[in-house]
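# Residue-level structural notes
Each chain, written out:
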Amino acid sequence: MKITMNKKKKLDISLLREKINGIDSNLIKLLADRRKLSKEVIQTKEKLQSPIRDQKREAELLNRLIKIGKKEGLDSHFLSKIFYEVIDDSVRLQQNYVQLKLNSKGEKKRQIKVAIQGIEGSYSFLASQKYFSLQNVDLYFVCKKRFEEVVASVEKGEADLAVLPIENTTSGGINEVYDLFLHTTLSIIGDEKFQVKHCLVANEEISIGKIKKVYAHYQAASQCSKFLETIPNVSIEYFDDTAMSVQKIKEEGNALFAAIASEEAAKLFKLKILKADIANQSENYTRFLVATRKPEKVDPRIPCKTSIIMATSHTPGSLVESLNVFRRYNVNLTKLESRPIIGNPWEEMFYLDFEGNIESELIQKVIDELGQHTRFMKILGSYPSQELAHTKLDYLQILSEPVEKKDDGNSLTEQPAVKKTKPKSYRLASREYKSDDTIIKVKNVEIGGNNFVVIAGPCSVENEEMVMKCALEVKENGAQILRGGCFKPRTSPYSFQGLGMEGLKILTDAGKYYDLPVITEVLDTEHVVEVAKTADILQVGARNMQNFALLKEVGKSHRPIMLKRGLMASIDELLNAAEYILSQGNRQVILCERGIRTFETATRNTLDLSAIPVLKELTHLPVIVDPSHAVGERNKVIPLAKAAKIVGAHGIMVEFHPDPPKALSDPEQALYFSQFEELMREIHRL
Ligand code: PEP
Ligand code: MN
């Protein structure tokens, strides 16, 4: 009986799997068909000389797909993730088409010899494959031991192109490659960012504790130092590149030896992966430059970057004068690196990347003016920028039927303010010190200025499942930041105190998964550095607003700080508390009005809405309103959240929970998801 049941289940599963395989094959066919159409579109665009990207059309396309998807039960995060990839692919394909045509390379299959440092399977090899993935080419690799030989091989014509690593997000710039660009005649024609994912690989499956020797590139070993420390009695042997270390263990065939390399290198050499993702930092990227003998032109419709090297004149302030040129012409500088000039101690050569095309009039003017402040300049090349900006989703469209935007709220007419006579005890926080609004950028979210952000999430991080549900709810409704308390300031020492660092891991993992910045509270000076490693914004809670040791400590952090107004604090005291943080060097402070104690006991606290226009007059710092902690009752959160937007707050922070009555902290004020959805619809309409 049991056997037949199992057999039936197996049959059912194989039938289902067959169906899934069929669907997947169809998806591939459809994607290929879509690509073909996309190619036809670019041919028409070429004839009409129309722009390659049409953000309006992209936004309409995404909104339409998300609406269809919702009817089918697919969430917008999932759909937008997939379609961003599809759109990116299409844009890249079209850009490639115009680029090849412009540089008269045609559509015929080309054979390209690429010079790299290292052997097949190395990161340079993988990055080259990625760079050419959309072009119709056969790649042949010219493998060299040293970077210098790679450059020479292209200069001599032995290879067509060089692909060289220039910087890594964990270990920084690769000096040797920077120095080579000073003297070479090659021009940069492209760059490629490649995510480095180190694995421990070996000849056979073996428990990691038994490994006696690890072969690794010295940079790879240092990027995986924490993992290596966990293997007892292991010795490390260094190699020039990661793939070579894999080749070495393959040749030796010793079961007790392992190497650090990519998954692809392990596959190429048919070795076993003992453990994946072993780097200290999970987000680890290397940027590669593609260089060749002849500079290439970039179509003016393609976003473009230019790289140059310069040495400034021997006059005081010449570096500042040079950088000012970029500011005057509003050209965005994306990189500035300095290298000593060999033979001239204490003199520097500057390597700059900026947005713009060397062929454009604007960049010609910049280069011309830069010449007045420099004594040496070399143009390394202009090349298409790899970063494609994603079209933002229109949540008003997604969450509700189109509604006319009301013209009220923020457009209240401003009259000259009555001047306060009392001297201010804070300076850096004041409008007198800085008249423009401070705008704080966290990942892709801007807080301050004319932006309105919604921070939402549970009061406390309770477990992984509930945080993932909350993050999805934030994302699906167009809120931008996920909140969650890991260290909780509780009135009673017997109440739930939070999951601490374990909770922070849950929160940051959810943030990464849904591409949302996260905010969490720090209670203790000792936790600041550790929490700041992964949380995007640190919160100083109301009860700690005048904990000066904590203010000073967060003032040394590189992360933005959200400072909540104390339960009994005046606006002046709040700004002085902010001054503590600012004066330590951290100029990224967000203020939060979260209700104060008054004689009124009908609600948890009293939301001081007048503080918002007052603060906006006194300070340049962004001001957020937390209606949840102010009112303390879920049914009154929506009207106060709306009021906050109307009075000019730069955003709100609200608490919700998948099952509010069961919340481990602040259950009364946690919104039901349905209430949060209503709140977001209402907020988008304002
Ligand atoms: C919180 O935001 O989690 C919190 C505890 O708020 P407050 O410090 O404003 O009470
Ligand atoms: Mn709370």
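Since the model is a prediction, treat every value here as computed from it, not as a measurement. (Residues numbered from 1 in each chain as written. Chains lettered and ligands numbered in written order. Predicted model: local features only at pLDDT ≥ 70, side-chain atom pairs only at ≥ 80, totals over all residues. Heavy atoms only, no water.)

### As for the pattern of salt bridges
Quick note on the threshold: Whenever Lys or Arg places a side-chain nitrogen within 4 Å of a carboxyl oxygen from Asp or Glu, that contact is recorded as a salt bridge. Secondary structure is summarised from DSSP: a helix means a run of H or I of at least four residues, a strand means a run of E of at least two, and numbering begins at the N terminus for each. Burial classes follow relative accessibility: with a 1.4 Å probe on protein chains only, a residue under 20% of its type's maximum area counts as buried, one over 50% as exposed, and anything between as partly exposed.
Applying the stated criterion to the full structure yields 38 salt bridges. For Arg 301, the salt bridge identified is with Asp 299, shortest N-O distance 3.0 Å. The salt bridge partner of Lys 443 is Asp 536, with a shortest N-O separation of 3.2 Å. Remark: Asp 536 occurs in the loop between helix H16 (528-534) and strand E21 (537-540) and Lys 443 occurs in the loop between strand E16 (440-442) and strand E17 (445-447); sequence separation between them is 93 residues. When its relative accessible area of 7% is taken as the criterion, Asp 536 is described as buried. One salt-bridge network, in which partners are shared between bridges, spans Glu 167, Asp 191, Arg 287, Lys 305, Lys 335, Glu 337 and Asp 353.

### Overview of the coordination of the manganese ion (ligand 2)
Counted only if it meets this: Sites may look incomplete because water is not among the atoms; the donors themselves are N, O and S atoms within 2.8 Å of the metal, or within 3.2 Å for Na, K and Ca.
All of the protein donors around the manganese ion (ligand 2) are Cys 459 (SG), His 629 (NE2), Glu 655 (OE) and Asp 666 (OD); their distances to the metal are 2.1 to 2.4 Å. Within one chain, the residues donating to the manganese ion (ligand 2) are spaced in sequence as C-x169-H-x25-E-x10-D. Remark: Glu 655 occurs in strand E25 (residues 651-655) and His 629 occurs in helix H20 (residues 627-631); sequence separation between them is 26 residues. The burial state of His 629 is the same as that of Glu 655; both residues are buried.

### Describing the domain arrangement of the protein chain
Selection rule: Bear in mind that the domain bounds are from an automatic or database domain assignment.
By the assigned domains, the protein chain splits into domain 1 (199-278), domain 2 (304-387) and domain 3 (427-685). Each of domain 1 and domain 2 has a C-alpha centre, and these two points are 41 Å apart.

### Here's the deal with the pairing of strand E13 (residues 333-341)
Selection criterion: We call two strands paired when DSSP finds no fewer than two bridges between them.
Examined bridge by bridge, E13 and strand E14 (residues 344-355) share eight bridges and lie antiparallel to one another. Paired with Ile 341 across the strands is Asn 344, a residue of E14. Connecting E13 to the antiparallel partner E14 that follows it, the hairpin turn spans two residues, and Gly 343 within it adopts a positive phi of roughly 95°.

### Here we look at the site of ligand 1
Stated formally: Residues are labelled near a given molecule or strand when at least one of their non-hydrogen atoms is within 4 Å of it. Two N or O atoms count as a polar contact when they lie within 3.5 Å, although within protein this holds only if one can serve as hydrogen donor and the other as acceptor, and sequence-adjacent residues are included solely when both atoms are side-chain atoms. Each accessible area is a Shrake-Rupley result for a 1.4 Å probe, and residues are judged covered by the shown protein chains and nothing else. Three classes are used: nonpolar for Ala, Val, Leu, Ile, Met, Phe, Trp, Tyr, Cys and Pro, charged for Asp, Glu, Lys and Arg, and polar for all others, with Gly counted as polar.
Every residue close to ligand 1 is listed here: Arg 483, Lys 488, Pro 489, Glu 521, Gln 539, Gly 541, Ala 542, Arg 543, Lys 564, Arg 594, His 629 and Met 653. The side chain of Lys 488 places a nitrogen or oxygen atom 3.1 Å from an oxygen atom of ligand 1. Here ligand 1 loses 96% of its free accessible area of 290 Å² to cover by the protein chains. Of the residues contributing to the shell around ligand 1, the split by class is three nonpolar, three polar and six charged.

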